[in-house]
Amino acid sequence: MALDANGDAFVEFDRVQKSYDGETLVVKDLNLSLPRGEFLTMLGPSGSGKTTCLMMLAGFETATHGDIRLGGVSINNIPPHKRGIGMVFQNYALFPHMTVAENLSFPLEVRNMGKSEREGKVKRALDMVQMGEFGGRRPAQLSGGQQQRIALARALVFEAELVLMDEPLGALDKQLREHMQFEIKHIADNLGITVVYVTHDQTEALTMSDRVAVFNDGVIQQLAPPDLLYEEPQNSFVAQFIGENNTLMGEVVSMAEDKAEVKLDNGEVIDTVPVNVNAVGERTLVSIRPERVEFNKDRLQPGAHTVHAEVLEFIYMGDIYRTRLRVAGNENFIVKTRNAPDQRRLQAGEKLEIGWRPQDCRALDA
Ligand SMILES: Nc1ncnc2c1ncn2[C@@H]1O[C@H](COP(=O)(O)OP(=O)(O)O)[C@@H](O)[C@H]1O
Ligand SMILES: [Mg+2]
């Protein structure tokens, strides 16, 4: 992943807005730029504007306002087939009456490419997805995963530098989906192509991406690499959308640059990092990841605040223990601990004190 020699972004959305009906904006003042070779995922709930952004980039929809640039050149007036972009959709959209090779060859034929050049490109594209043996089959004679690979090959056959994918694995079962996630990622890395990938599946986004843009309501809520997104969510939407998350409600009672004390609604006080709160007296949603909760007092920093908890349920999950607690009125407070020889299994009904490192506890917008 690198910026172009002149430092310019490869793909750029510059203050892009989109309205379908002339009234509601489904994409609001979107700014996003990515360098050549990046794998960027647009992640968000249904209706948050991801597909609309992809369609504008591909040229099937026009932006109501703003500019989209590719390699520094505005593409607003360039038709889709001249943008040099490959696309992969969820419903493969392969022609059932054509063989695999014909499916790949057809778009090249439409562009008046000669037979031998076409054959060379089709072979290369099929080899990239390890489907070189399957050129003579029809789509119906392939598994779902194989069809998805052919759809990917068809996007690669143009040797496009930019490939857009909209929920391409949505129709596959879990195991195949996970396998294809790695496969697509490896193919993209090996070819050095730039990918803009759309999904509503946060695990998929974390697994595949260099960076993830979290969408909600037509606005990018946070744009960050997977680990930062998970460990340092900037607002309560991102904290709750990405990964499992415990939330406690309270009010800021003291405020310093790197620490805010929060009085929870049951009166207990905890230390937090003030991420999205500004003043004493503000309501806040405090966020703590289940694997960052500590109930062994020896492992807590001296003087760390603890809160009272009661075990409601203990679930043995093999690699981890999952314990559900009541904490400050929240009966769905989850603690995950690794199944290690020195780890204690908590019992339902047990009362204990829990704590965490202050930096793992983030005070966000309520
Ligand atoms: N062709 C269209 N005409 C009118 N409204 C649309 C059209 N496509 C999408 N929308 C609306 O725009 C919003 C964003 O949709 P979309 O971009 O498909 O979201 P996502 O891909 O994140 O699910 C939704 O409210 C959707 O109903
Ligand atoms: Mg969509």
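Not measured: the values here are computed from a predicted model.

### Section: the environment of M55
Then, in step 1: On the secondary structure map, M55 appears in helix α1 (residues 50-58).
Then, in step 2: Each C-alpha atom, one on M55 and one on Q17, is 13 Å from the other, the two residues being 38 residues apart in sequence.
Then, in step 3: Residue contacts for M55: discarding those within four places in its chain leaves F60 and E61.

### Observations regarding the sheet that holds strand β18 (residues 351-354)
Then, in step 1: Taken together, 4 strands build an open sheet; the order of strands is β17-β16-β15-β18 and the sheet is antiparallel. The outermost strands of the open sheet, each flanked by one partner alone, are β17 (330-338) and β18. Within the sheet, the average angular offset between the axes of one strand and its neighbour, ignoring direction, is 45°.
Then, in step 2: As paired strands, strand β15 (residues 307-316) and strand β16 (residues 320-327) are joined by 7 bridges and run antiparallel to one another. What sits directly across from E310, in β16, is R326.

### Remarks on helix α5 (residues 174-191)
Then, in step 1: Under the 1.5 Å per step criterion, the end-to-end length of α5 is 26 Å for 18 residues, consistent within 8% with the ideal 26 Å.
Then, in step 2: Listing the buried residues of α5 in full gives M180, Q181, I184 and A188. All buried residues of α5 project into a common sector of 115° when viewed along the axis, lining one side. In α5, the exposed residues that point more than 90 degrees away from the buried face are Q175, F182, H186 and N190.
Then, in step 3: Those residues of α5 hidden inside the fold are in contact with β3 (39-43), α4 (144-156), β8 (194-199) and α6 (202-208).
Then, in step 4: Once α5 finishes, G192 follows within two positions and takes phi at roughly 70°, a positive value.

### Brief notes about helix α2 (residues 100-110)
Then, in step 1: Considered for burial, the residues of α2 that qualify are V100, A101, N103, L104 and S105.
Then, in step 2: One or two residues past the end of α2 sits N112, with phi positive at roughly 65°.

Definitions and cut-offs
- In this convention, every chain numbers its residues from 1, walking through the sequence in written order.
- Chain A is the first chain written and ligand 1 is the first ligand written, with later ones labelled in order.
- Only residues with pLDDT of 70 or above have their local features reported here, since the model is predicted, and side-chain atom pairs are shown and tallied only from 80 upward, although totals for entire chains, interfaces and linings are computed over all residues.
- Per the convention used, a helix needs a DSSP run of H or I reaching at least four residues, while a strand needs a run of E reaching at least two, with both numbered from the N terminus.
- By definition, residues are in contact whenever their C-beta atoms, placed on the basis of the backbone, come within 7 Å of each other.
- Two strands make a pair as long as DSSP finds a minimum of two bridges between them.
- Helix axes are fitted to C-alpha atoms over the stretch in contact, other axes to C-alpha atoms as well, and angles between N-to-C directions run from 0 to 180 degrees.
- Each helix should span, by expectation, one fewer than its residue count multiplied by 1.5 Å.
- Buried, partly exposed and exposed are defined by the number of other C-beta atoms within 10 Å of a residue's own C-beta, namely 20 or more, between the two limits, and 12 or fewer respectively, with C-beta atoms placed from the backbone.
- Think of the arc as the fan of directions from the helix axis to the C-beta atoms.

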